[in-house]
Amino acid sequence: MNRLTVPKTYKLFIGGKFPRSESGRVYEVNSPSGEFVANAAQGSRKDLRDAVVAARAAQPGWSGATAYNRGQVLYRIAEVLEGRKAQFVEEIILVEGSSAKEATAQVDAAIDTWIWYAGWADKYTQVAGQANPVSGPYFNLSVPEPTGVVGAIAAQASGSLLGLVATIAPILVSGNTVVVVPREDAPLTAISFAEVMATSDVPGGVVNVITGSPAELAPWMASHADINALDLAGAGSLDWASLQIAAAETLMRTSSPVEGVPGLSLNRITTFTEVKTVWHTKSLI
């Protein structure tokens, strides 16, 4: 008996669930040769607001987890991604036109990137923090803490999976939550990666994926009063100076666009932290 293949529906990822866009809009995702591959949800302003609400609700629990626990959760994502490598290779070949070798190399690099950042979860505070010399019987400690909710535009002109991973992994390490807009013309791997997170130990709302147009979504993201920081890694083709000006209205921390995929860097972690300095008396015993 012949059967029809069940096409996959690529939805948004908000609060640990996969809703359709509230606007009902979709857009076509095509191969480099112009062949239809899938429909993807085109996120709206309301979807973005819902994602920020979910990220805000999840942030205290995620930042309150121990650094060791966050590292284990992030490492688990890499484990699940490794087990689904074939699916991601296929999607990258379909949408990016890569060879099997190039697609496999991208997935391997994404896994390695995720593991690299997961390893920093219980170590970065020792490098980025410090004990300050003071005169008196006190300890004066500077400790990096998460900024809160981060809005991010993933790399748009580079590998769809690697660009997404290199954008969101360092944001999550310190306890931030994220609302991310993936590569517009190749969103399939982003939603498949959301499925990886949904089947790992990541609490709902820690990562939220809004597919669609960065040009449409970025200005709303920059002006949203409940977003604490803005990662413009993939916003090089946009009027990113205007986005920074809009973000300044709410004193939102911003990072500038990068060319290609953001590289592995401790600075990518500390960019989205705030340094808190505390005093503590020394024991007099």
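As a starting point, this report considers the structure included with it.

What counts, and at which threshold
Residues numbered from 1 in each chain as written. Predicted model: local features only at pLDDT ≥ 70, side-chain atom pairs only at ≥ 80, totals over all residues. Heavy atoms only, no water. Buried < 20%, exposed > 50% of the residue type's maximum accessible area, 1.4 Å probe, protein only. Helix = DSSP H or I, 4+ residues; strand = E, 2+ residues; numbered from the N terminus. Arc of directions from axis to C-beta. Contact = heavy atoms within 4.5 Å. Phe/Tyr/Trp six-rings, centres within 6.5 Å; stacked < 30°, edge-to-face > 60°. Core = buried A, V, L, I, M, F, W, Y, C linked by side-chain atoms within 4.5 Å. Axes fitted to C-alpha atoms, helices over the stretch in contact; angles between N-to-C directions. Parallel < 35°, antiparallel > 145°, perpendicular 65-115°, else oblique. Left-handed = near helix turned anticlockwise from the far one by under 90°. Nonpolar A, V, L, I, M, F, W, Y, C, P; charged D, E, K, R; others polar. Pairing = 2+ DSSP bridges.

**What about helix 8 (residues 214-222)?**
Among all positions in helix 8, only P214, L217, A218, M221 and A222 are buried. The buried side chains of helix 8 occupy one side of the element, clustering within an arc of 130 degrees when seen end-on. Looking at the buried positions of helix 8, the neighbouring elements they touch are helix 1 (45-64), strand 5 (149-153), strand 6 (177-181), strand 8 (229-231) and helix 9 (240-248).

**As for the environment of I227**
With respect to the helices and strands, the residue I227 is situated in the loop between helix 8 and strand 8. Distance from I227 to V179, taken between C-alpha atoms, is 9.1 Å for residues 48 residues apart in sequence.

**Here we look at the packing of aromatic side chains**
If you walk through the whole model with that rule in mind, you get four aromatic pairs. Aromatic side chains W116 and Y117 sit 5.0 Å apart centroid to centroid with 90 degrees between the ring planes, which places their arrangement in the edge-to-face category. Given a relative accessible area of 1%, Y117 falls into the buried group. Chaining the aromatic ring pairs together yields one cluster made of W116, Y117 and W120.

**Here's the deal with the nonpolar core**
Note on soluble globular proteins: their nonpolar side chains tend to be buried together. One finds W114 and F193 to be the most contacted residues of the largest nonpolar core, which totals 56 residues. No other element matches helix 6 (residues 160-173), which puts nine residues into this core. Residues in contact with F193, not counting those within four places in the same chain, are I77, L81, F88, W114, L161, L164, V165 and I168. Residues I14, A41, A247 and M252 belong to the second largest nonpolar core, which totals 24 residues.

**Some thoughts on the packing of helix 3 (residues 85-96) against helix 4 (residues 100-120)**
Helix 4 packs onto helix 3 with a crossing angle of 125 degrees between their chain directions and a minimal axis gap of 9 Å. Between helix 3 and helix 4, the angle falls in the class oblique. Note that helix 3 runs across helix 4; the crossing there is right-handed. For the pair formed by helix 3 and helix 4, the contact residues are K85, F88, V89, I92, I93 and E96 on the first element and A100, A103, T104, Q106, V107, D108 and I111 on the second. Considering only residue class, the contact of helix 3 with helix 4 consists of eight nonpolar, two polar and three charged.

**Quick look at the sheet that holds strand 8**
Reading across from one edge, 7-6-5-8-9 is the order of the five strands in this open sheet, with parallel pairing throughout. Since the sheet does not close on itself, it has two edges, and those belong to strand 7 (207-209) and strand 9 (253-255), each with one partner. The mean inter-strand angle of the sheet, taken between neighbouring strand axes irrespective of direction, is 15 degrees. The sheet contact formed by strand 5 and strand 6 spans five bridges and is parallel.

**Details of the sheet that holds strand 3 (residues 130-132)**
Here we have three strands laid out as an open sheet, ordered 3-4-10, and antiparallel in their pairing. Edge positions in the open sheet fall to strand 3 and strand 10 (273-281), since each of these has one partner strand only. If you compare each strand with its neighbour and ignore which way they point, the axes differ by 30 degrees on average. Sheet topology note: the strand 3/strand 4 (residues 138-146) ladder contains three bridges and is antiparallel. By the bridge assignment for strand 4, A131 is matched with L141.

That's the geometry; what it means functionally is another story.
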